[in-house]
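# Structural overview
One-letter residues, chain by chain:
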Amino acid sequence: MPSPTTTVRTRLLALVLACVLPLCAFGIVAGHHLVESHQDAMKAQVVERLRVASMAIDQHIAEAETVLEVLSASPALRNGDLERFHAQLSEASALRGIGVLLADPDGQVVLSSLQPFGTKPERRSFLEAQQRAIATGAAAVSDLVTGVNLRRPILSVELPVTLRGTTAYLLAMAIPAERLSEILVAQRLPDDWVIGVSDRRHVILARSRDPGRFVGTQVAPNALLRRSDAPEGSWTRSIDFEQRPVLSSFVRSAKTGWATYVAVPETALDRPIRGILGAMTAAGGLTLLVGGLLAFQLARGITGPLDWFTRTGAATRSSPPPPPPRSRVEEIDQALRLVVSRERQRDEATARLRSTRESAAVGIVEVDAAGRYVDVNEAMCRISGYARDELLAMTFRDLVHPDDQPRAVEAHRAQAAGRLDELAGEFRYLRKDGRTVWVAISGSAVRDAEGRFRYGVRIVQDVSARREAEERQRLLVAELNHRVKNTLATVRSLARQTLRGAPSLPAFSETFEARLRALSETHALLTQGNWDGASLHRLCEQELAPYGSGPDERWTLDGPAVQLSPRAALTMGMALHELATNAAKYGALSAAGGHVSVTWRRERRRTGDWLHLEWVERGGPPTAPPPARGFGTHLIERSVTHELGGSAQLDFAGPGLRCRIAFPLRRGDAGPDEADAGTA
């Protein structure tokens with residue numbers, strides 16, 4: 001069962017009570033108990049001062065790590081521009097007054113701020129901290145060493161630089177040992193106290209008194225901090241290097257493993273406080289009241305910033321947080337300034353990223369492990385047809401076509417489980433308006449430090465136009481192959497039948513070329529209509545136009561608008577060509593007063609519409625049935641029967657040739673023409 005929580009104000013009031021109530025009991029306790037309590041309080045304060053000093057050193061190390069982290073993110077380093085990066089090292093070194101270098105994992109120095117660029121670097125002589133940094137992948141701090149270039153005691157802060165998944169370099173910042181001594185002196189402890197820092201090997205790193213003499217030497221063999229089982233804050237009596245009886249204690253830094261110790265003369269803690277016993281008893285109640293009021297006032301300086309942190313976490317882009325209050329506590333105010341700076345940088349980076357995402361021409365989305373949309377950009381809304389709020393309430397399965405869902409779901413699960421690094425594929429989306437669009441999806445996964453899937457980033461591109469173009473191209477190629485085969489078969493049949501009925505080779509050539517021209521002209525007419533069909537009126541005009549029109553009224557056309565399919569247009573074009581050629585040679589168009597009339601009509605039947613066309617010649621030479629059936633007659637009858645499923649009858653008895661053609665209209669063989677009927 002979790003322990004109950006309290007507010008900071010309550011905790012501070014409780015702390016005041018815990019501190020003041022023991023004081024109220026001093027009037028009852030004997031004098032020696034007061035002395036012991038006073039010593040304990042003094043020791044606790046000293047230990048707290050030790051912790052503050054240790055934290056100040058840790059903070060100094062952390063600031064050095066921050067400088068190295070900023071340098072490690074330099075574009076110059078990551079792009080291999082070492083000369084520019086050397087200038088950055090030198091600038092950082094000048095600001096901090098220390099040396100900064102870049103080394104490879106084997107300890108070979110690549111760049112040093114203490115040497116001009118291009119100087120042949122030296123090899124590092126101490127690699128222990130460097131090896132720890134490589135092994136842990138994080139910053140590491142060395143024990144006390146002597147710098148190669150600085151020629152004085154230093155400690156080195158090491159940071160690995162990872163490029164493309166491997167440790168490519170080590171950044172190292174040298175901090176002189178006297179800097180730590182300056183930090184210790186800044187703690188303003190009494191002059192007769194000694195405060196120092198020892199490294200993991202128990203070598204003195206810094207000392208407030210006479211550092212030049214003792215830095216680099218071992219701590220006393222009987223020092224408490226040498227014992228691994230000695231708890232922090234424990235005290236012991238000993239003789240220091242100056243042969244004084246002292247009380248010593250230490251604390252250890254969790255960050256560096258160093259021990260910060262203090263040696264206090266015994267007389268400093270043994271001064272009895274006897275004169276104030278009565279006054280403390282009388283003033284106990286007043287102290288309790290005043291302490292509570294002061295605690296309440298001080299609590300406001302701490303709870304205010306804490307409340308601001310809460311408001312900052314709950315703030316949004318539309319309602320930014322108010323400026324931070326002053327706590328009048330340096331550490332808290334410094335933390336507030338740091339948070340404000342980081343928040344400003346984060347907001348600027350977020351705004352830039354959001355602007356880039358929203359202006360992208362492709363969809364950019366984030367999906368969680370369950371497939372729910374976490375974030376989408378405007379392009380994704382355009383592709384799917386849904387508003388942003390609607391998409392954020394959906395999963396990707398709601399958009400993917402049912403036939404593509406198994407493949408899409410399996411790819412997402414494989415990436416979430418770590419079996420797939422990059423997700424890529426093309427799927428169909430069902431838009432909000434019901435249309436289906438093809439999209440190409442690619443994406444990667446974002447994982448936490450333990451490798452657990454957090455969310456996936458997907459790039460969604462509409463490729464419907466490309467897919468439709470590919471499908472049209474496939475259909476066009478198939479249609480072209482089909483038409484070429486049919487055309488070649490027709491040409492072969494024309495050649496064979498023309499040759500069979502031709503009396504001579506010149507006659508074959510003339511007749512065959514004429515029929516090929518007729519076939520070509522029909523093809524041209526179909527091409528003008530993108531092979532969607534041809535007008536029957538235009539076919540008749542095309543074949544009869546060479547034989548005159550207008551005042552002499554050589555031919556007339558009459559019938560409703562009929563749009564023939566490509567197959568029917570080719571067949572009727574060849575049939576009309578044979579009829580016109582025969583009329584020009586032997587029929588009505590061979591005589592001055594001859595006339596050709598072409599009429600057609602549509603007949604509705606239960607099985608579908610039929611077309612009836614009649615060709616009638618008048619005013620030409622007398623006709624009589626031919627002694628033998630020629631190729632033209634055979635072509636007309638056979639093509640209409642076999643190609644169109646109809647019939648063709650040629651009647652030579654009478655004043656002129658009469659041909660009747662009937663065939664069923666297929667789908668696409670009827671439509672608007674350029675004229676309802678024509679007469680020429």
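Up top is the structure these notes are about.
About the criteria used
- Residues numbered from 1 in each chain as written.
- Predicted model: local features only at pLDDT ≥ 70, side-chain atom pairs only at ≥ 80, totals over all residues.
- Heavy atoms only, no water.
- Helix = DSSP H or I, 4+ residues; strand = E, 2+ residues; numbered from the N terminus.
- Buried < 20%, exposed > 50% of the residue type's maximum accessible area, 1.4 Å probe, protein only.
- Contact = heavy atoms within 4.5 Å.
- Areas by Shrake-Rupley, 256 points an atom, 1.4 Å probe, with all protein chains shown as cover.
- Pairing = 2+ DSSP bridges.
- Axes fitted to C-alpha atoms, helices over the stretch in contact; angles between N-to-C directions.
- Arc of directions from axis to C-beta.
- Expected span 1.5 Å × (residues − 1).
- Core = buried A, V, L, I, M, F, W, Y, C linked by side-chain atoms within 4.5 Å.
- Phe/Tyr/Trp six-rings, centres within 6.5 Å; stacked < 30°, edge-to-face > 60°.
- Lys NZ or Arg CZ within 6 Å of the ring centre and 35° of its normal.
- Polar contact = N/O pair within 3.5 Å; in protein donor to acceptor, adjacent residues only side chain to side chain.
- Salt bridge = Lys/Arg side-chain N within 4 Å of Asp/Glu carboxyl O.

## Observations regarding the overall build of the chain
Each helix and strand in the chain was counted, giving 19 helices and 23 strands. By the burial criterion, 40% of the 680 residues in the chain qualify as buried. Long-range pairs, those at least 24 residues apart, make up 55% of the contacts in the chain with a sequence separation of at least 6. Accessible area for the chain stands at about 37,300 Å²; split by element, carbon and sulfur atoms hold 55% of it.

## So, the sheet that holds strand 10 (residues 245-252)
In space, the 5 strands of this open sheet follow the order 8-7-11-10-9, with antiparallel pairing throughout. The open sheet is flanked by strand 8 (204-207) and strand 9 (236-239), the only strands paired with a single partner. Across this sheet, the average inter-strand angle for adjacent strands is 30°, counted without regard to direction. In this structure, strand 9 lies alongside strand 10, joined through 4 bridges in antiparallel fashion. The residue bridging Ile239 from the neighbouring strand is Pro245, located in strand 10. Strands in contact with helix 6 (residues 177-185) are strand 7 (194-198) and strand 8; relative to strand 8, the strand with the most contacts, it is inclined by about 40°.

## Some words on helix 6
If you check which residues of helix 6 are buried, you get Ala177, Leu180, Ser181, Ile183 and Leu184. Considered in projection along helix 6, the buried side chains sweep an arc of 155° and stay on one side of the axis.

## Here we look at helix 18 (residues 566-585)
The terminal C-alpha atoms of helix 18 lie 29 Å apart, and with 20 residues this matches the ideal 28 Å at 1.5 Å per residue to within 8%. Helix 18 sits mainly inside the fold: 15 of its 20 residues count as buried.

## Focus on the nonpolar core
For soluble globular proteins, nonpolar side chains are generally found buried alongside one another. Leu71, Phe85 and Trp258 are the most contacted members of the largest nonpolar core, which totals 48 residues. With 10 residues, helix 2 (residues 31-72) is the largest single contributor of residues to this core. Formed by 36 residues, the second largest nonpolar core is a distinct cluster that contains Ala568, Leu576, Ala580 and Val596.

## What about unusual backbone geometry?
Of note, Arg164 is a non-glycine position whose phi angle comes to about 55°, a positive value. As for its position among the elements, Arg164 is in the loop between strand 5 (153-163) and strand 6 (166-176).

## Considerations on the sheet that holds strand 12 (residues 363-367)
Backbone hydrogen bonds are what pair the strands of a sheet, in a parallel or an antiparallel way. With antiparallel pairing, 5 strands are arranged side by side in an open sheet as 13-12-16-15-14. Every interior strand has two partners, whereas the edge strands, strand 13 (373-376) and strand 14 (423-430), have only one. On average, each strand axis in the sheet is inclined to that of its neighbour by 30°, with strand direction left out of account. Where strand 15 (residues 436-447) meets strand 16 (residues 453-462), 9 bridges bridge the pair, whose relative direction is antiparallel. Note that in strand 16 the partner of Ser444 across the bridge is Val457. Across the sheet, helix 14 (residues 405-416) is in contact with strand 12, strand 14, strand 15 and strand 16; its angle to strand 14 comes to roughly 140°.

## Points about the packing of aromatic side chains
For the coordinates displayed, the defined rule picks out 0 aromatic pairs. A cation over a ring is seen here: Arg207 above Phe214, with NZ or CZ 4.0 Å from the ring centre. Positioned above the aromatic ring of Trp438, the side-chain terminus of Arg467 is 3.6 Å from the ring centre.

## Digging into the side chain of Asn377
Within the element layout of this structure, Asn377 appears in the loop between strand 13 and helix 12 (378-384). Taking relative accessible area as the criterion, Asn377 reaches 0% and is therefore assigned buried. Of the polar contacts made by the side chain of Asn377, one reaches the backbone oxygen of Val362; its length is 3.1 Å. Those residues in contact with Asn377 that sit more than four places away from it in its chain are Arg357, Glu358, Ala360, Val362, Gly363, Ile364 and Arg388.

## Some details on the pattern of salt bridges
Scanning all chains against the criterion turns up 29 salt bridges. Note that Arg201 and Asp143 form a salt bridge whose closest N and O atoms lie 3.6 Å from each other. Of this pair, Arg201 sits in the loop between strand 7 and strand 8 while Asp143 sits in the loop between strand 3 (140-141) and strand 4 (145-146), placing them 58 residues apart in sequence. You can call Arg201 partly exposed: its relative accessible area is 44%. Among the salt bridges present, the one from Arg602 reaches Asp609, with a minimum N-O distance of 2.8 Å. Its relative accessible area of 33% is what places Arg602 among the partly exposed residues. Judged by its relative accessible area of 16%, Asp609 is buried. By sharing partners, the salt bridges in this structure join Asp143, Asp199, Arg200 and Arg201 into a single network.

## Considerations on the pairing of strand 14
Of the pairings in the sheet, the one linking strand 14 to strand 15 comprises 8 bridges and is antiparallel in character. Residue pairing for strand 15: Glu426 is matched across the bridge by Ala440. Hairpin remark: strand 14 followed by strand 15, antiparallel, with 5 residues in the connecting loop; positive phi at Gly434, about 95°.

## Here we look at the pairing of strand 6
The side chains of a regular strand alternate, first on one face of the sheet and then on the other. Counting buried residues along strand 6, 8 of its 11 residues qualify, which places the element largely inside the surrounding structure. Alignment of strand 1 (residues 99-103) against strand 6, held across 5 bridges, turns out to be antiparallel. Residue pairing in the sheet places Val100 in a bridge with Met173 of strand 6. Relative to strand 6, strand 5 runs antiparallel, the two being bridged by 10 bridges. If you follow Leu155 over to strand 6, its bridge partner there is Ile175. With antiparallel pairing between neighbouring strands as the criterion, strand 5 and strand 6 make up a hairpin whose turn holds 2 residues, including Arg164 at a positive phi of roughly 55°.

## Description of the environment of Arg188
If you trace the backbone, Arg188 turns up in the loop between helix 6 and strand 7. Under the relative-accessibility criterion, Arg188 is labelled exposed at 75%. Taking C-alpha positions, Arg188 is 10.0 Å from Arg49, a pair spaced 139 residues apart along the chain.

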